[in-house]
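Below, each chain spelled out in residue letters.
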Amino acid sequence: MSSAKKITESDLDHVAHLARLNLTDAEKTTFLPQLESVLEYLDKLNTVDTASIDPSFQITPLKNVFRQDVVKNSLTQAESLSSASKTKDGYFVVPATIKK
Amino acid sequence: MDLSLTTISQIRQLLLAKKIKAVDIVKYYLDRIKKYDPQIQSFITVTEKEAKKQAKVIDDKITAGQSLGALAGSVMAVKDIFLTKGIETTAGSKVLKSYFPEYSSTVYQRLVDQDAILIGKTNTDCFAFGVSTENSGYFTTHNPWNLSMVPGGSSGGSAAAEVASLCTFALGTDTGGSIRQPASLCGVTGLKPTYGRNSRYGITSMASSFDCPGSFGHSVEDIAQVLKITAGQDSFDATSSQVKVDDYPALLSSVKLSGLKIGLPKEYFTGSINPEVKQKVLDAAKVYETAGAQIIDVSLPNTDLGIAVYYVLIPCEISANMARYDGIRFGQSRSDAKDLLSYYLQTRGDFMEPELKRRILIGTYALSAGYFDAYYLKAAKVRTLIKNEFIATFKKVDVILAPVSPTPAWPIGQKVNNPLEMYLADVYTCCINVAGLPGLALPCGFDSQNLPVGFQLIGNYFEESKILSAGHQYQELTDFHLQTPKL
């Protein structure tokens, strides 16, 4: 087994950024060894040969569950906006995505 | 009138016979909640006003001679990850504090349509991520058998409310054991149905290929009543099954115990299992053997990989499902962010509890470029092996009997700083979720500290009738399920 760490601080920064999660320094200090021990545990999966096995991404026999393309009642615009943090004229309001 | 162990059908009979009114039933439970819940803390929200209103509707129906739903008069406690229209739904997390859903979960709605009365939303580990209810963003629930102990999790609030008779029945979800384990730690009956048996619509998604809504009850009989109402295909959930829904209550005596082949998987009785727990579970097998069942030793060699498969796949699915919590359409948010990226980083960073972050990080890591094959794809392949092992075993046995938790309830705070140790609590439950099979947890005794011990009956796909019948007949031969804590 490699003695190199499975997750370094820079790995953690990268992954946290991908997941859009701010982490405080205290959180990073707490999480790093915890994540390390979990990731090490997950190495168990390498003890089994799965070369000829198909993956199960879900465990039902269902595939392509369709319905008729018919408009049905759904939430009203007012209902859909009712839990938003910020709305204006029937829109959800978010900080600017494109800088002028 | 003492309703603490009154069944769903008995309550309905009392209403029809006009021996009690629905408002009195609600008063009975509200009084108990006021008296006992300050110590237990099973509820995040008690829906006193709504329950009284719903009770009056039922009483008016009775007065007008109108027909009553199948669950009329039964009071339900619902895990706070089930959306309940107009009633605060927090998912046990600060992320959804003050979120009032615009629609309801299908499972909840089907029960309301049968005149079940909502008494409150129960505490849960945040978004159901946990095994002890200590990861709730609000407070920890206390095990009614010993208030310094955890109730188990993630549906700990529902399990505790059920055993303390703060409700007639309760709803939970089981993704890796979160109904069966708290049921066993609290000494109540709990069912995880087959994946796809109950609709997941309107329940905050944790791991979409694992989540199973189910219920807690004082008896298998009540769980059968609830399943009959909730089960069945839902057009809002594309993964819900079209397999016919049995009349579960009518089939409770259908299985012949004499000659029933019960498999005991050897991997579930070795390793970390507490000796007292092991003995109580083997005693349960003995009850079946005395009744004429055939106990057959079986082997599920890939059991040891279950936790690893589970804790790769569920964080991966979690990391996708949690992406929606950005505070824009719902949930708390940071209003002072200077741009969109900062807004996402700060909103998610500020309000998400540590366990949410841990699992999102593990999942994002395992799905990221360079790691996908080694983790996610590998785990999905081992999932096939675990599933096939069960399918092969069900060719030799009718049901599988196993422990649920390797230990009884443990002290609050003991494992909070050790996530991996918490994860290992799922060792006997998670393989059933990996395979998507149904599992029924039943009380089977107490350890030397008077803490409950449970066992589970695992059935083949959509064979809920079989495990419910076997479980019901166990409850006719024993009375562990009728024991209640001194509060």
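Figured I'd write up the structure that's included with this text. (Residues numbered from 1 in each chain as written. Chains lettered and ligands numbered in written order. Predicted model: local features only at pLDDT ≥ 70, side-chain atom pairs only at ≥ 80, totals over all residues. Heavy atoms only, no water.)

1. Regarding the overall build of chain A
Our working definition: To qualify as a helix, a DSSP run of H or I must reach at least 4 residues; to qualify as a strand, a run of E must reach at least 2; elements of each kind are numbered from the N terminus. In this setup the radius of gyration rests on C-alpha atoms only. A globule is expected at 2.2 Å times the number of residues raised to 0.38. The classification of residues rests on relative accessible area computed with a 1.4 Å probe and restricted to protein chains. Under 20% of the type maximum is buried, over 50% is exposed, and intermediate values are partly exposed. Contacts: residue pairs with any heavy atoms within 4.5 Å of one another. Note that accessible areas follow from Shrake-Rupley with a 1.4 Å probe, and for residues the cover is restricted to the protein chains shown. Positive charges are assigned to Lys and Arg, negative charges to Asp and Glu, while His and the chain termini are left out of the count. Positions of charges follow a simple convention, taking NZ of Lys, CZ of Arg, CG of Asp or CD of Glu.
Helices and strands together make up the secondary structure of chain A, namely 3 helices and 2 strands. Taken over the C-alpha trace, chain A has a radius of gyration of 23 Å; the compact-globule value for 100 residues is 13 Å, which it surpasses by more than 25%. Taken along its principal axes, the extent of the C-alpha atoms in chain A is 60 × 45 × 25 Å. Looking at chain A residue by residue over its 100 residues, the buried ones come to 30%. Considering only contacts in chain A between residues 6 or more positions apart, those separated by 24 or more positions represent 37%. As displayed, chain A has an accessible area near 7400 Å², and 53% of this comes from carbon and sulfur atoms. For chain A, the distance from the average site of its 12 positive side-chain charges to the average site of its 13 negative ones is 10 Å.

2. Observations concerning the overall build of chain B
Scanning chain B from terminus to terminus reveals 15 helices and 11 strands. C-alpha extents for chain B along the principal axes are approximately 65 × 55 × 45 Å. Burial analysis of chain B (487 residues in total) assigns 67% to the buried set. Considering only residue pairs separated by 6 or more positions, chain B has 77% of its internal contacts joining residues 24 or more positions apart. Put simply, chain B has 48 plus and 47 minus side-chain charges, and the middle of one group is 2 Å from the middle of the other.

3. Re the nonpolar core
Residues and elements named next belong to chain B. Let me state the cut-off plainly: Residue types Ala, Val, Leu, Ile, Met, Phe, Trp, Tyr and Cys, when buried and joined through side-chain atoms within 4.5 Å, form a set referred to as a nonpolar core.
In terms of nonpolar packing, the biggest core is built from 128 residues, with Leu111, Tyr288, Phe390, Phe455 and Leu468 touching the most fellow members. Here this core takes 10 residues from helix α9 (residues 306-321), the largest share from any one element. Those residues in contact with Tyr288 that sit more than four places away from it in its chain are Leu257, Ile262, Ala293, Leu401, Phe455, Leu457, Ala470, Gly471 and Tyr474.

4. Observations regarding the side chain of Glu267 of chain B
All names here are of chain B. Keep this limit in mind: The term salt bridge refers to a side-chain nitrogen of Lys or Arg lying within 4 Å of a carboxyl oxygen of Asp or Glu.
Residue position: Glu267 is located in the loop between β7 (261-265) and α8 (275-290). Although Glu267 lies buried, it forms no salt bridge, and the closest oppositely charged side chain, Lys266, sits 4.5 Å away as judged by the N-O distance. Discounting residues that sit within four places of it in the chain, Glu267 has contacts with Val298, Ser299, Leu300, Pro301, Thr303 and Tyr428.

5. Topic: the pairing of strand β5 (residues 189-192) of chain B
Residue and element names in this part refer to chain B. Rules: Pairs of strands are assigned from DSSP output, requiring at least two bridges between the strands.
Judged by which residues are buried, β5 turns out to be covered on both faces: Thr189 and Leu191 on one side and Gly190 and Lys192 on the other are all buried. Looking at chain direction, β5 and strand β6 (residues 213-217) are connected through 3 bridges and run antiparallel. Looking across to β6, one finds that Gly190 is bridged to Phe216. Inspection of the sheet shows β5 paired to strand β10 (residues 439-446) by 3 bridges, in the antiparallel sense. Paired with Lys192 across the bridge in β10 is Gly439.

6. Description of unusual backbone geometry
Among all residues except glycine, the phi angle is most often negative; among peptide bonds, the trans geometry is most common. Omega for the bond connecting Gly153 of chain B with Ser154 of chain B falls within 30 degrees of zero, at 10 degrees, which places this linkage in the cis form. Residue position: Ser154 of chain B is located in the loop between β3 (117-122) and α5 (156-163). The backbone phi angle of Asn64 of chain A is positive, close to 50 degrees, even though this residue is not glycine. Turning to its location among the elements, Asn64 of chain A is positioned in the loop between α2 (25-42) and α3 (77-81).

7. Some remarks on the side chain of Asp447 of chain B
Residues and elements named next belong to chain B. Here is the rule we go by: For the purposes of these results, a polar contact is taken to be a pair of N or O atoms within 3.5 Å, where, inside protein, one atom must be able to donate a hydrogen and its partner to accept one; residues adjacent in sequence count only when each atom of the pair is a side-chain atom.
On the secondary structure map, Asp447 appears in the loop between β10 and β11 (452-458). The charged side chain of Asp447 is buried without a salt bridge, its nearest counter-charge being Lys280 at 8.7 Å. Among the polar contacts listed, one links the side chain of Asp447 to the backbone nitrogen of Leu451, at a separation of 2.8 Å.

8. A short note on the interface of chain A and chain B
The condition that has to hold: Two parts placed together each lose some accessible area; with a 1.4 Å probe, that loss summed over both constitutes the buried area. Three residue categories are used. Nonpolar comprises Ala, Val, Leu, Ile, Met, Phe, Trp, Tyr, Cys and Pro, charged comprises Asp, Glu, Lys and Arg, and polar comprises the others, including Gly.
Listed per partner, the contact involves 50 residues of chain A and 63 residues of chain B. In total, chain A and chain B occlude about 5100 Å² of area from one another, counting both sides; carbon and sulfur atoms represent 69% of this. Inspection of the region where chain A meets chain B yields 3 salt bridges. A salt bridge links Glu27 of chain A to Lys357 of chain B; the nearest nitrogen and oxygen atoms lie 2.8 Å apart. Between chain A and chain B we count 18 residue pairs in polar contact (both at pLDDT 80 or more) in total. In terms of residue count, the dominant contributor to the side of chain A that touches chain B is α2 of chain A (9 residues). When its residues are assigned to classes, the side of chain A that touches chain B shows 29 nonpolar, 14 polar and 7 charged.

9. Notes on the packing of aromatic side chains
Selection rule: Stacked, tilted and edge-to-face are the three classes applied to pairs of Phe, Tyr and Trp rings, where Trp contributes its six-membered ring and a pair requires centres within 6.5 Å; stacked means planes under 30 degrees apart, edge-to-face means over 60, and tilted covers the rest.
Per the stated rule, a full pass over the model turns up 21 aromatic pairs over all chains. Arranged with centres 5.8 Å apart and planes meeting at 10 degrees, the rings of Phe57 of chain A and Tyr376 of chain B form a pair that is stacked. Of this pair, Phe57 of chain A sits in the loop between α2 and α3 while Tyr376 of chain B sits in helix α12 (residues 373-393), each in a different chain. The exposure class assigned to Phe57 of chain A is partly exposed, which follows from its relative accessible area of 41%.

10. A few points about the packing of helix α1 (residues 9-18) of chain A against α2 of chain A
All names here are of chain A. Put simply, the rule reads: Every angle, taken between N-to-C directions, lies between 0 and 180 degrees, and every axis is a line fitted to C-alpha atoms, over only the stretch in contact when it is a helix. Each angle is binned into one of four classes, with values under 35 degrees roughly parallel, values over 145 roughly antiparallel, values of 65 to 115 roughly perpendicular, and all other values oblique.
Two elements in contact, α1 and α2, have axes separated by 11 Å at closest approach and are oriented at 105 degrees. Compared by their axis directions, α1 and α2 come out roughly perpendicular. Here α1 contributes Glu9, Leu12 and Asp13 to the contact with α2, which in turn contributes Lys28, Leu32 and Leu35. Considered class by class, the residues forming the contact of α1 with α2 number 3 nonpolar, no polar and 3 charged.

11. Topic: helix α7 (residues 220-230) of chain B
Residues and elements named next belong to chain B. Burial of α7 is extensive: 9 of the 11 residues sit out of reach of the surface. Those residues of α7 that sit buried are Val220, Asp222, Ile223, Ala224, Gln225, Val226, Leu227, Ile229 and Thr230. Just downstream of α7 lies Gly232, where phi reads positive at about 125 degrees.

12. A few points about the sheet that holds β10 of chain B
Residue and element names in this part refer to chain B. With mixed pairing, the 11 strands of this open sheet are ordered in space as β1-β3-β2-β4-β6-β5-β10-β11-β9-β7-β8. Two strands in the sheet have a free side with no partner beyond their single neighbour: β1 (43-46) and β8 (294-298). Sheet twist, expressed as the average angle between the axes of neighbouring strands with direction ignored, equals 30 degrees. Pairing geometry for β7 and strand β9 (residues 399-403), over 2 bridges, is parallel. When the bridges of β9 are listed, Ile262 appears paired with Val399. The strands touched by helix α2 (residues 22-40) within the sheet are β1, β2 (75-79) and β3, with β3 carrying the most contacts at an inclination of about 20 degrees.

Any functional reading would require information that these geometric values do not contain.
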